[in-house]
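A closer look at the structure
Here is how the chains run, residue by residue.
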Amino acid sequence: MEGKFAGVIINRLALNIDRMFHYSIPDGLLGKIDIGSHVTVPFGNGNKTVDGFVLSLSNHSDFDGTLKEILSVSESGPLFDREMLSVCQFLKQKYFCSYISAVKTVLPPGSGRKNKVSDKLIRGSVLNVPYDEAFDALEKLRDKAPKQCKILELLIQNDFVADSDILFLTGAGYQAIRALKDKGLARQETVEVFRLPIDYESIPRSASPVLTEEQQYAVDRICASVTENQNNTFLLHGVTGSGKTEVFLNCIEKALEIGKTAIVLVPEISLTPQMVTRFAARFGKKIAVLHSALSMGERADEYKRIKSGEARVVVGARSAIFAPLKNIGVIVIDEEHETSYKAENAPTYHAREVADFRAKQHGAAFVLASATPSVESFYQAKQGNYQLISLTRRPTAQNLPTVAVSDMREEIKNGNRSCIGLSLQREIRKNKEQGEQTILFLNRRGFSTFVSCRSCGFVIKCKNCDVSLTYHKAKNSLTCHYCGYTIKKPEVCPNCASSFIKEFGAGTQKVEEELHSLFPDLSVIRMDVDTTSVKSSHRAILEKFDKEKIDILLGTQMVAKGLDFPNVTLVGVLAADQSLFVDDFRAGERTFDLITQVCGRAGRGEKQGRALIQTYMPENSVICQAQEQDYLSFYENEIELRRQLNYPPFCDIISVLLTSPVLNGLLSYAKKLARSIHIVMQKDYDGAFELLGPSETSVTKINGRFRQRIWIKCKMNRKAEDIFARLRSYHINEKNPHINMVIENNPFGAI
Ligand SMILES: Nc1ncnc2c1ncn2[C@@H]1O[C@H](COP(=O)(O)OP(=O)(O)OP(=O)(O)O)[C@@H](O)[C@H]1O
Ligand SMILES: [Zn+2]
Ligand SMILES: [Zn+2]
């Protein structure tokens, strides 16, 4: 450990201290401090003791005066190594975040927190009164004790909330939790944490099936890179059910064989149960699983197993890309087109970009797998930057499912007002008679359930955000999905006092009711955010569907992808076209991907599958291409559109979002910034660019903050990075206490 001087990042989010502070290392601590050490230091004029992280070490200092000394260092050793330090620098440069938020992204789970992760038990709170009483209490607390009100809202929305989560999510202190308990509204509960998320050893081991020729070719090409330490990027484009997973399982096996390690990212928690089982069946305890549904304790355990070298394959959601593995041989991103790979909070990294960075550092093979690659990735493959490997058939006896389109306008003309058309009803019936199972997919975007007045049209909105509240039938509550604001559903319209105030739109609950009345003899199981809030319920629902041969699995996005049930031969897509109306240049891509993926759940076993797409616009080209499951013609169309309209991959889109609790001053500041950006871009940027805005965002207010956005279209290169980094410093120096700035490169579904 070299050096007498250390550069330290202070563990505070305040933007004006977002830089390295230099300290000298006292003799007593020499040799004990390294990159990644967690230290305490005197800070500021008052020399307050604060904690921070060591990011650099050196033997000399340019500082003229006497440097302050580091006070202490955590005994448990450095929290990250030099490789992770370079990842932090990458995050900071590419995503315009502060040092500390970059560092926090790579820290082990639970570290740097005040309360220690207990070994077996988690303390938390649950609601202690019926919902109705809780709603009454909410209104009483709303103005007098807003923190308690926020906690109560959380407890209404969830069955159990860990105290640490309450503190983190609401910013309240323990006394607020205690006050709610004293009032009898909440009570304390302790839940036992399952230390190993899955008993990997209990899952029966299974070997690889004999690969098809196409699969073997893919494995050989990727493995050549793994063994030769070559950093190549592969786009594994295979139709749904073509055995992509089998391909990368085999590549990982190879990597392990020659002493290397592997990371596999899978998109959402919903994907993990089946996927994890497949990994455990192949690799047993050599795998570690990291995703957000694990408790902090579980995550900390898995992390330890990775650090100790026991776990050599990490399977996880987005943040697993930061797993502290050494000697990585292969990184896989499954369903690489998924939007959940992009982080929503700072640093707003894309896992694909971080993976690319790490793969380069390790000389690892990088595999992007999808049946419907993102337009950006496919373009890279066409340009020769990625090596394209295609799997064109399913390895099982069956072809891709046949897909039919059902015109819902005809259904309405014929007097059928059900959201399940007659053709779909017939198919469901037929499937039941053949003893086969059905998956029904409800495109969530088309089915928000808000409450409105049938007399005056009044829609109940959030008081902090410019959005309508979502109705939850089981609790008879209305909740804001942005800020958590919760109220009881009013009996009469707050605007005109009419009692014709009702929920609008069909949610999964409504469709479920309809299924029961159409098919009283069929069993239905529902999977959506409401039925999966309790830990492990994903797994439970899927297991029940499989083991008990439930007739219909009904769900939102959660059932669209990754599921592999051989007895499912029919897939129905309700409201296929709704996601086409979203105001986003990726709407077509997302609709194509959703429909193709969900149809791909059918006929994965020995029996031929079929899918039925219900739509109001059967002539729409995206719907037609999805019906044909023809990615290539979809891509050709889409890339031409992007070229004409100058969208990614032909340029990058940078969003500069400004928010403030007061409208006054926000717009003029945004205009001033837009003008400055324009001038600087003209002077210092060397290519074409376009600047749009400032303008209001589609949701004009979130969490009590008004929003203005400036869009810049340009190629994100070193020069542009430098300009936006300067813009960020300029904003920090302006000291506009009310106005927040977030710069984001290529945001997804920006609101
Ligand atoms: N060579 C093979 N021989 C027999 N069965 C296979 C073979 N390869 C894969 N399978 C089986 O075919 C099914 C689909 O394979 P897999 O899940 O790997 O495909 P996928 O392309 O990853 O699917 P998707 O991306 O559509 O979810 C699985 O049940 C798998 O066990
Ligand atoms: Zn809100
Ligand atoms: Zn009304």
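Residues numbered from 1 in each chain as written. Chains lettered and ligands numbered in written order. Predicted model: local features only at pLDDT ≥ 70, side-chain atom pairs only at ≥ 80, totals over all residues. Heavy atoms only, no water.

**Considerations on the pattern of salt bridges**
Let me state the cut-off plainly: We count a salt bridge whenever a side-chain nitrogen from Lys or Arg sits within 4 Å of a carboxyl oxygen from Asp or Glu. The way it works is that DSSP assigns letters per residue, a run of H or I at least four long becomes a helix, a run of E at least two long becomes a strand, and they are numbered from the N terminus. Note on exposure labels: buried denotes an accessible area under 20% of the residue type's maximum, exposed denotes more than 50%, and partly exposed covers the range between, all computed with a 1.4 Å probe on protein chains only.
Counted by the stated rule, this structure contains 46 salt bridges. Note that Glu253 and Arg282 form a salt bridge whose closest N and O atoms lie 3.7 Å from each other. Here Glu253, found in helix H8 (residues 244-257), pairs with Arg282, found in helix H9 (residues 272-283); they are 29 residues apart in sequence, far enough to count as distant. Taking relative accessible area as the criterion, Glu253 reaches 29% and is therefore assigned partly exposed. For Arg282, a relative accessible area of 8% corresponds to the buried category. Among the salt bridges present, the one from Lys544 reaches Glu548, with a minimum N-O distance of 3.6 Å. Given a relative accessible area of 37%, Lys544 falls into the partly exposed group. Salt bridges here are not isolated pairs; linked through shared partners, they connect Glu376, Arg586, Glu589, Glu638 and Arg642.

**Digging into the site of ligand 1**
Short version of the rule: Neighbouring residues are identified by heavy atoms, a residue being near a molecule or strand if any of them is within 4 Å of it. The term polar contact refers here to a pair of N or O atoms within 3.5 Å; inside protein, the definition further demands a hydrogen-donor-capable atom paired with an acceptor-capable atom, and it admits residues adjacent in sequence only when both atoms are side-chain atoms. Each accessible area is a Shrake-Rupley estimate made with a 1.4 Å probe; only the visible protein chains count as cover when residues are assessed. In the scheme used here, Gly and all other residues not listed as nonpolar or charged are polar, with Ala, Val, Leu, Ile, Met, Phe, Trp, Tyr, Cys and Pro taken as nonpolar and Asp, Glu, Lys and Arg as charged.
Around ligand 1, a shell composed of 18 residues is seen, among which Gln215, Gly241, Thr245, Arg278 and Asp564 lie nearest. Within the backbone of Ser242, one N or O atom sits 3.2 Å away from an oxygen atom of ligand 1. Contact distances for ligand 1 include 3.0 Å between an oxygen atom and a backbone N or O atom of Gly243. Its free accessible area being 630 Å², ligand 1 has 83% of it covered by the protein chains. Take the shell around ligand 1: its biggest share by element is 3 residues, from H8. In terms of residue class, the shell around ligand 1 is built from 4 nonpolar, 7 polar and 7 charged.

**Observations regarding the sheet that holds strand E1 (residues 5-10)**
Pairing between sheet strands relies on hydrogen bonds along the backbone, with the strands arranged either parallel or antiparallel. To keep it simple, the criterion reads: For two strands to count as paired, DSSP must find a minimum of two bridges between them. By definition in these notes, contact holds between two residues if any of their heavy atoms fall within 4.5 Å. A fitted line through C-alpha atoms represents every axis, and for helices the fit uses only the stretch in contact; the resulting angles, taken between N-to-C directions, go from 0 to 180 degrees.
Pairing is antiparallel in the open sheet, where 5 strands are placed in the order E2-E1-E4-E3-E5. Here the strands that pair on one side only, and so sit at the sheet edges, are strand E2 (21-24) and strand E5 (72-73). Judged from the 6 bridges that link them, E1 and strand E4 (residues 48-58) form a sheet pairing that is antiparallel. Across the sheet, the residue bridging to Phe5 is Ser58, located in E4. Against the sheet, helix H2 (residues 99-106) makes contact with E1 and E4, and its axis sits at roughly 80 degrees relative to E4, the strand it touches most.

**Focus on the packing of aromatic side chains**
Counted only if it meets this: Here is the rule: rings of Phe, Tyr and Trp (six-membered ring for Trp) pair when centre to centre is within 6.5 Å. Planes less than 30 degrees apart are stacked, more than 60 are edge-to-face, and the remainder are tilted. For a lysine, the NZ atom is tested; for an arginine, the CZ atom; a charge sits over a ring if that atom is within 6 Å of the ring centre and within 35 degrees of the ring normal.
Summed over the entire model, instances satisfying the criterion amount to 15 aromatic pairs. An aromatic cluster of three or more residues is present, and its members are Phe378, Phe592, Tyr631, Phe634 and Tyr635. Above the plane of the ring of Tyr99 lies Lys92, whose end atom (NZ or CZ) is 4.7 Å from the centre. Above the ring of Tyr647, the side-chain terminus of Lys713 is found at 4.3 Å from the ring centroid.

**Observations concerning the environment of Ile321**
As for its position among the elements, Ile321 is in the loop between strand E12 (313-316) and strand E13 (328-334). Sequence spacing of Ile321 and Ser86 is 235 residues, and the spatial spacing of their C-alpha atoms is 14 Å. Here Ile321 is in contact with Ile263, Leu265, Ile331, Tyr349, Ala351, Val354, Ala355 and Arg358, once residues within four sequence places are set aside.

**A short note on the nonpolar core**
To be explicit about the condition: Residue types Ala, Val, Leu, Ile, Met, Phe, Trp, Tyr and Cys, when buried and joined through side-chain atoms within 4.5 Å, form a set referred to as a nonpolar core.
Within the largest apolar cluster, 85 residues are counted, with the highest numbers of intra-cluster contacts made by Phe80, Leu91, Ile321, Tyr349 and Leu553. Excluding its chain neighbours within four sequence positions, the residues that come into contact with Phe80 are Ile35, Gly36, Phe53, Val54, Leu55, Leu85, Val103, Val106 and Leu107. Judged by nonpolar contacts, the second largest core, of 37 residues, contains Ala255, Ala262, Met275 and Val367.

**Examining the packing of helix H4 (residues 146-157) against helix H6 (residues 174-182)**
Each pair of packed helices gets described by two things: the angle between the helix axes and the distance between those axes. How we decide: An angle below 35 degrees is read as roughly parallel, one above 145 as roughly antiparallel, one from 65 to 115 as roughly perpendicular, and any other as oblique.
Interaxial distance between H4 and H6 falls to 9 Å at its minimum, and their mutual angle equals 70 degrees. Here H4 is positioned roughly perpendicular relative to H6, judged by the angle of their axes. Residues Gln148, Ile151 and Leu152 of H4 form the contact with H6, whose participating residues are Ala176, Ile177, Ala179 and Leu180.

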